[in-house]
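So you can see what is in the structure, the chains are spelled out below.
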Amino acid sequence: MKAFPLLTVALAVLAAVAQAADQRQFVQLPQMMRDHMMHNMRDHLLALQTITRQLADGEYDAAADTAEQRLGMSAMQRHGAAHMAPYMPGGMRAAGTAMHRAASRFAVAARDASVDGEPSKAFGALSDVMAACVACHSAYRVH
Ligand code: HEC
């Protein structure tokens, strides 16, 4: 007798929590574009892993190259950003551009580190790159 209202309340609470947990804006992309974007995303994560490895090994120039080629302004052109931009809300586009810019800034900081052997600015710049990943992920979804 008591179980039914309790269950109803429990389900309502669960639904509310689920809603609160995911307030990201849904962005509808044509499937091919979405697949392409997710492929790029997986490469972004791999690039970050490669970069942290290279920093740990003191290979600052290599870290700069990885960032510029895979995440930076060079990557932005190669990944067809201009083609995808019209499908994205302004904030999402801005987060994408911010990430590419931050990665190119990281590349400059990593090249400086290879000259003076002092990577702390490069680590700071890498954190800025990751902040752009986090900003977009917390605001948008495509699934
Ligand atoms: C402009 C927005 C944006 C930026 C910037 C961004 N992402 Fe994403 N990423 C997304 C969206 C949207 C998804 C899909 C989320 C969903 O639909 O649930 C995603 C998904 C992913 C996935 C999952 C891929 C899969 O196969 O499911 C990975 C990994 C990822 N991103 C890594 C990164 C990394 C690392 C960075 C930063 C270097 C980054 N992303 C920057 C928007 C972005």
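Please read all numbers here as calculations on a predicted model, not as lab measurements. Within each chain, residues carry numbers counting from 1 in the order of the written sequence. Thresholds applied to this predicted model are a pLDDT of at least 70 for local features of residues and 80 or more for the giving and counting of side-chain atom pairs; totals over whole chains, interfaces and linings are not thresholded and use all residues.

A. Examining the overall build of the chain more closely. In DSSP terms, a helix is any run of H or I states spanning at least four residues, a strand is any run of E spanning at least two, and both are numbered starting from the N terminus. Within the chain one finds seven helices and two strands. The secondary structure elements of the chain, listed N-terminal to C-terminal, are α-β-α-α-α-α-α-α-β. Around each residue's C-beta, the other C-beta atoms within 10 Å are counted; 20 or more make the residue buried, 12 or fewer make it exposed, and counts in between make it partly exposed. All C-beta atoms are placed from the backbone. Relative to its 143 residues, the chain shows a buried fraction of 24%.

B. Layout of the nonpolar core. Joining buried Ala, Val, Leu, Ile, Met, Phe, Trp, Tyr and Cys residues through C-beta atoms within 7 Å gives a set, and that set is a nonpolar core. A67, A103, F106, A110, A122 and V129 are the most contacted members of the largest nonpolar core, which has 24 residues in total. When contributions to this core are tallied by element, the ones reaching two or more residues are α2 (31–56), α3 (60–70), α6 (90–116) and α7 (120–139). A total of nine residues in this core trace back to one element, the largest contributor, which is α6. Each residue touching A67, except ones within four places of it in the same chain, is listed here: I51, G72, A103, F106, A107 and A110. Residues are scored as being in contact if the C-beta atoms we place from backbone atoms lie within 7 Å.

C. Structural view of the site of the ligand. By convention here, the C-beta atom is placed from the backbone, and a residue is near a molecule or strand when that atom is within 6 Å of it. Around the ligand lies a shell of 20 residues, among which M41, G96, C133, C136 and R141 are the nearest. If you list the elements that add at least two residues to the shell around the ligand, you get α2, α6, α7 and β2 (140–141). With six residues, α2 is the largest single contributor of residues to the shell around the ligand. Residues are grouped as follows: Ala, Val, Leu, Ile, Met, Phe, Trp, Tyr, Cys and Pro are nonpolar; Asp, Glu, Lys and Arg are charged; all remaining types, including Gly, are polar. Tallied by class, residues from the shell around the ligand come to 14 nonpolar, four polar and two charged.

D. Here's a closer look at the environment of A85. One can find A85 in the loop between α5 (81–84) and α6. Taking the C-alpha atoms as reference, A85 lies 9.3 Å from G96; in sequence the two are 11 residues apart.

E. Structural context of α6. A rise of 1.5 Å per residue sets the reference length of α6, with its 27 residues, at 39 Å; its end C-alpha atoms lie 39 Å apart and thus fit the reference within 8%. At the C-terminal side of α6, G117 shows a positive phi close to 70°. The span you would expect from a helix comes to 1.5 Å times its residue count less one.

F. Geometry of the confidence of the model for the chain. Scored from 0 to 100, pLDDT reflects the predictor's confidence in each residue. Mean pLDDT for the chain: 88, with 86% of residues reaching 70 or above. Across residues 9–14 the pLDDT falls below 50, and counting only partners more than four positions away or on other chains, this stretch makes zero contacts in the model.

G. Structural view of the packing of α2 against α3. Here an angle of 0 to 180 degrees is reported between the N-to-C directions of two axes, which are lines fitted to C-alpha atoms, with helices fitted over the stretch in contact. Where α2 meets α3, the closest approach of the two axes is 8 Å, and the angle between their N-to-C directions is 165°. As far as their axial angle goes, α3 and α2 are roughly antiparallel. The interaxial crossing formed by α2 with α3 has left-handed handedness. Residues D43, A47, T50, I51, Q54 and L55 of α2 form the contact with α3, whose own contacting residues are A62, A63, T66, A67 and R70. Per-class residue counts for the contact of α2 with α3 are six nonpolar, three polar and two charged. Throughout, the term roughly parallel applies to angles under 35 degrees, roughly antiparallel to angles over 145, roughly perpendicular to angles from 65 to 115, and oblique to all others. Note: crossing handedness is left-handed where the near helix turns anticlockwise from the far helix by less than a right angle, and right-handed where it turns clockwise.

H. Structural context of the packing of α3 against α6. For the pair α3 and α6, the least separation of the axes is 8 Å and the interaxial angle reads 170°. In terms of orientation, α3 lies roughly antiparallel with respect to α6. On α6, the residues that touch Y60, D61, A63, A64, A67 and E68 of α3 are A103, S104, F106, A107, A110, R111, A113 and S114. Along the lines of polarity and charge, the residues of the contact of α3 with α6 split into nine nonpolar, two polar and three charged.

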